[in-house]
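# Chains, contacts and geometry: an overview
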Amino acid sequence: MLDHFRKRLDSFLGRGSFSTSVPVMDGPLQPNHRLDEAAVLFSANGLDNLLADGDTVFYSAGPVLFMRAADGAVSEVRRFDADIACLAMARDGGMAVGLDGAGIVISGGAFDGTEISRLGDKLLIAPTAAAFVDRKTLLVASGSSQCPASQWKRDLMSLGTTGSLWRVDLTSGKAETLATGLAFPYGLALSPDGRSVLVSEAWAHRVVRVALDGARPAVSPVLQDLPGYPARLVPDEDGGYWLAVFAPRNQLVEFVLREKAYRERMMAEVDPEYWVAPSLAIKQGFREPTQNGALKLLGILKPWAPTFSYGLVVRLNADGHPVDSLHSRADGNRHGITSLCLFNGTLVAGSKGAGEALMPTAQKATGGDA
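Residues numbered from 1 in each chain as written. Predicted model: local features only at pLDDT ≥ 70, side-chain atom pairs only at ≥ 80, totals over all residues. Heavy atoms only, no water.

Turning our attention to the pairing of strand β7 (residues 95–99). The buried fraction of β7 is high, at five of five residues. The alternating pattern of β7 places Met95, Val97 and Leu99 and Ala96 and Gly98 on opposite faces, both of which are buried. Where strand β6 (residues 84–89) meets β7, five bridges bridge the pair, whose relative direction is antiparallel. When the sheet's bridge partners are listed, Ile84 is paired in β7 with Leu99. Here β7 runs beside strand β8 (residues 103–107); their pairing, made up of five bridges, is antiparallel. Bridge assignment links Leu99 to a residue of β8, and that residue is Gly103. (Buried < 20%, exposed > 50% of the residue type's maximum accessible area, 1.4 Å probe, protein only. Helix = DSSP H or I, 4+ residues; strand = E, 2+ residues; numbered from the N terminus. Pairing = 2+ DSSP bridges.)

What follows is the structure, given as structure tokens:
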């Protein structure tokens, strides 16, 4: 009863979850140009799901899994029947490949050919992240039970909270629920002791810790109120983590998310390409609704206008607190950072918006294009 009254009061006053305010980027999140100044390791249209194994980097582009060898040569590993939504690698070389709308298949290793098409009583249609706990145990994040991963804008505009986290025994096929009611879990990173996993919740703008050993609480917040929508997480060699943020929040989108009638009509009548929603890349189309709202004129973004795409990688310490960040600002083009990996100890950031794998250091790297 008290929670209901508090929500009604927050709604009237426009505060709490009903506020359209967005955190500013300052302190460790102070904007810079480090992503725009980064070297390009390789490029591919639709590049996503970076995964490093020694001197080899795996990545996806649509339904195709590619491999970049130590000498820079790029080759096709395997082509699937659906776009690849996530990747994870086991110690025996087996790879869990999440397929958009079609579950997970294990490629190679001891469980080659194993398929995970259901979690509990629901089809797995949005495998957004996966991580091996050991050779036979796989953690699976289901971003949504309503929308495939490729329809993430619809899930956001539907205020989706149907995401979940599961532990799957690949030997028996048994799936155990670890957390439900998640707002599009997009990234997983095991803690150094293996007793918990960090999970990025995109629509909740936060990172939470989920216990794997039965500890209570099962889900606890680590980092909240981010200025963007978090994506993949990877552990750093110093005990911290790197966090990809695939798009920024802004007050216009926050306002639309609170206007139910407008959202429902927009989703019913407008092509998703022109929704008032976050984007992975700068839009150039003259049919954008913001062209007539003093935000853009002849395709040029006004200085005061909110941006719908951005490039951001945040470095977290062992406690999950931001300590550094790398940016591609509104006037840059390396936006939509959806995946990360550590390649020979060096961070590689995948800009899906630009189709580039970036090395944000002074180190130069070359490689072929897919």
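Resuming the write-up.
Moving on, we get to the layout of surface pockets. Roughly 970 Å³ of internal volume is contained in the largest pocket. Lining the largest pocket are 33 residues, with Leu51, Met89, Ala131, Val234 and Pro235 sitting closest to its centre. Listing elements by their share of the lining of the largest pocket, those giving two or more residues are β2 (47–53), β6, β12 (127–134), β16 (185–190), β20 (228–235) and β26 (337–343). At six residues, the largest contribution of residues to the lining of the largest pocket is made by β12. Partitioning the lining of the largest pocket into residue classes produces 22 nonpolar, four polar and seven charged. (1 Å grid on protein atoms, 1.4 Å probe; cavity = no way out; pocket = protein on both sides within 12 Å on 5 of 7 lines; lining within 4 Å. Points joined across faces, edges and corners; volume = space filled by probe spheres on them. Nonpolar A, V, L, I, M, F, W, Y, C, P; charged D, E, K, R; others polar.)

Close approach of charged atoms allows side chains of opposite charge to pair. Enumeration over the complete set of coordinates arrives at 13 salt bridges. Residues Glu201 and Arg206 are paired through a salt bridge, measuring 2.6 Å at the closest nitrogen-oxygen approach. On the accessibility criterion, Glu201 (2% relative accessible area) is buried. For Asp238, the salt bridge is made with Arg315, and the minimal N-O distance between the two is 3.3 Å. With Asp238 in the loop between β20 and β21 (241–248) and Arg315 in strand β24 (residues 311–316), this pair connects stretches of sequence that are 77 residues apart. Judged by relative accessible area, Asp238 falls into the exposed class, the value being 54%. Several salt bridges share partner residues, and in doing so they unite Asp225, Arg249, Glu254 and Arg258 into one network. (Salt bridge = Lys/Arg side-chain N within 4 Å of Asp/Glu carboxyl O.)

Counting residues in hydrophobic clusters, the biggest one holds 34 residues, and the most contacted among them are Met157, Trp203, Tyr229, Phe246, Val313 and Leu340. Among the secondary structure elements, those contributing two or more residues to this core are α2 (152–157), β20, β21, α3 (251–257), α4 (260–269), β26 and β27 (346–351). Take this core: its biggest share by element is four residues, from β21. Excluding anything up to four places from it in sequence, Val313 contacts Leu35, Trp242, Leu243, Asp324, Ser325, Leu326, Ile337, Leu340, Leu347 and Ala349. Phe111, Ile116, Leu124 and Phe132 belong to the second-largest nonpolar core, a separate cluster that totals 17 residues. (Core = buried A, V, L, I, M, F, W, Y, C linked by side-chain atoms within 4.5 Å. Contact = heavy atoms within 4.5 Å.)

What follows deals with the packing of aromatic side chains. How two aromatic rings sit relative to each other is set out by the distance from centre to centre and by the angle between their planes. Using the criterion set out here, one finds 10 aromatic pairs in the structure. Each residue in the set Trp152, Phe184, Tyr186, Trp203, Tyr229 and Phe246 is aromatic and connected to the rest through ring pairs, giving one cluster. (Phe/Tyr/Trp six-rings, centres within 6.5 Å; stacked < 30°, edge-to-face > 60°.)

Relative to the assigned elements, Ser309 resides in the loop between β23 (300–301) and β24. A distance of 2.7 Å separates polar atoms of two side chains, one belonging to Ser309 and the other to His335. In this structure, Ser309 is in contact with Pro248, Ser279, Leu280, Ala281, Ile282 and His335, ignoring residues within four places of it in sequence. (Polar contact = N/O pair within 3.5 Å; in protein donor to acceptor, adjacent residues only side chain to side chain.)

Within this structure, the stated rule accounts for two cavities of 30 Å³ or more. For the second largest cavity, the calculated volume is near 40 Å³. The wall of the second largest cavity is formed by Ala90, Asp92, Gly94, Ile106, Gly108, Gly109, Ala110, Phe111, Phe132, Arg135 and Leu170. Its residues assigned to classes, the lining of the second largest cavity shows six nonpolar, three polar and two charged.

Whether parallel or antiparallel, the strands of a sheet pair through hydrogen bonds between backbone atoms. If you trace the four strands from one edge of the open sheet to the other, you get β1-β28-β27-β26, paired in antiparallel fashion. Strands with a single pairing partner mark the edges of an open sheet, and in this sheet they are β1 (39–43) and β26. With strand direction ignored, the average angle separating the axes of adjacent strands in the sheet is 25°. Pairing of β26 with β27, which is carried by six bridges, proceeds in the antiparallel orientation. The partner of Leu340 across the bridge, within β27, is Ala349. (Axes fitted to C-alpha atoms, helices over the stretch in contact; angles between N-to-C directions.)

Following Arg216, the chain continues to Pro217 via a peptide bond in cis, the omega torsion being 0°. Assignment of secondary structure puts Pro217 in the loop between β18 (206–211) and β19 (219–223). Residues other than glycine seldom take positive phi values, yet His205 does so here, at roughly 55°. Mapped onto the fold, His205 is located in the loop between β17 (196–201) and β18. Accessibility expressed as a relative area gives 11% for His205, which makes it buried. Backbone geometry at Asn344 places phi at a positive 55°, although glycine is not the residue there. In this fold, Asn344 is placed in the loop between β26 and β27. Asn344 sits in the exposed class, given a relative accessible area of 52%.

So, on to the sheet that holds strand β3 (residues 56–61). On the basis of which strands lie adjacent, the open sheet formed by four strands has the order β2-β3-β4-β5 and antiparallel pairing. Across the chains shown, the open sheet's two edge strands, defined by having one partner strand only, are β2 and β5 (74–79). Geometrically, the sheet is characterised by an average inter-axis angle of 25° between neighbouring strands, direction not taken into account.

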